[in-house]
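Results of the structural survey
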Amino acid sequence: MAYTYDENNIFAKILRGEIPNSTVVETDHSLAFRDINPLAPDHVLVIPKGPYVNYAHFAEAASDAEIVDFNRTLGKVVALIGAGDAGYRLISNAGRNGVQDVPHLHVHILAGRPLGPMLFSG
Ligand code: 5GP
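Conventions used here
- Starting afresh in each chain, residues are numbered from 1 along the sequence in its written order.
- Local features are withheld for residues below a pLDDT of 70 in this predicted model, meaning they are given only at 70 or higher, and side-chain atom pairs are given and counted only at 80 or more; totals for whole chains, interfaces and linings count all residues.
- Note that water and hydrogens are dropped before the side-chain values are worked out from all heavy atoms of the structure.
- Where helices and strands are cited, they refer to DSSP runs of H or I of at least four residues and of E of at least two residues respectively, numbered from the N terminus.
- The span one expects for a helix is its residue count, reduced by one, times 1.5 Å.
- Here's how the labels work: a residue is buried when its accessible area is under 20% of the maximum for its type, exposed when over 50%, partly exposed in between, all with a 1.4 Å probe on protein chains only.
- Contacts are assigned to residue pairs with any non-hydrogen atoms lying within 4.5 Å of each other.
- The criterion for a residue being near a molecule or strand is simple. One of its heavy atoms has to lie within 4 Å of it.
- Two N or O atoms count as a polar contact when they lie within 3.5 Å, although within protein this holds only if one can serve as hydrogen donor and the other as acceptor, and sequence-adjacent residues are included solely when both atoms are side-chain atoms.
- Surface accessibility in these figures is a Shrake-Rupley result with a 1.4 Å probe; residues are shielded only by whichever protein chains are displayed.
- By salt bridge we mean one thing: a side-chain nitrogen of Lys or Arg within 4 Å of a carboxyl oxygen of Asp or Glu.

1. Details of helix α3 (residues 64-80)
If you check α3, its first and last C-alpha atoms are 24 Å apart, about what 17 residues at 1.5 Å a residue would give, namely 24 Å. For α3, every residue scored as buried is listed here: E66, D69, F70, T73, L74, V77 and V78. Contacts from the buried residues of α3 go to β1 (23-26), β2 (30-34), β3 (42-48), α2 (55-61), β4 (88-91) and β5 (107-111).

Following this line, the structure appears as structure tokens:
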């Protein structure tokens, strides 16, 4: 599948330093920062620094180093926010049916309270 990356999406602007963010972890290939509109006491977004639209694009096109770094960064965030014991949820929305607002791959890490059912039916 061909992916078109929009260089003007809000996370691209964050990565270029044009918009401030509340950074939790930064590595060579990834950035984790707090969501501006948190849906749980801890709501962190993890993004790769490379131009990937969604998870499938990343899994297909990113280098091994980027993929390892991204996953290790997710793990670091879970440890840093202390969510490992009580638990947390990872969500990565993609495309129209996934209701993705920002077209740069991001994984939401939600924690700090019971998060309820995974989805509502219908
Ligand atoms: P999506 O619906 O694409 O999965 O989620 C996009 C997320 O990005 C939303 O949870 C939204 O609150 C967050 N967001 C949108 N704009 C900004 C921003 O400028 N800064 C931060 N930190 N988060 C943002």
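Now, onward.
2. Observations concerning the site of the ligand
Surveying the vicinity of the ligand reveals 16 residues, the closest of which are D35, N93, D101, H106 and H108. Measuring from an oxygen atom of the ligand, one finds a side-chain N or O atom of N93 at 2.8 Å. Taking V102, its main chain carries an N or O atom lying 2.9 Å from an oxygen atom of the ligand. In the complex, 84% of the free accessible area of the ligand, which totals 520 Å², lies under the protein chains. Secondary structure elements with two or more residues in the shell around the ligand: α1 (10-15) and β2. Element by element, the count of residues in the shell around the ligand is highest for α1, at three residues.

3. Section: the pattern of salt bridges
Within this structure, the stated rule accounts for four salt bridges. The salt bridge partner of R16 is E18, with a shortest N-O separation of 2.7 Å. The exposure class of R16 is partly exposed, given its relative accessible area of 41%. Overall, E18 belongs to the partly exposed group, its relative accessible area being 48%. D42 serves as the salt-bridge partner of R34, at 3.1 Å between the closest nitrogen and oxygen. Ionic contacts of the salt-bridge type, sharing partners, join the residues E7, R16 and E18 into one network.

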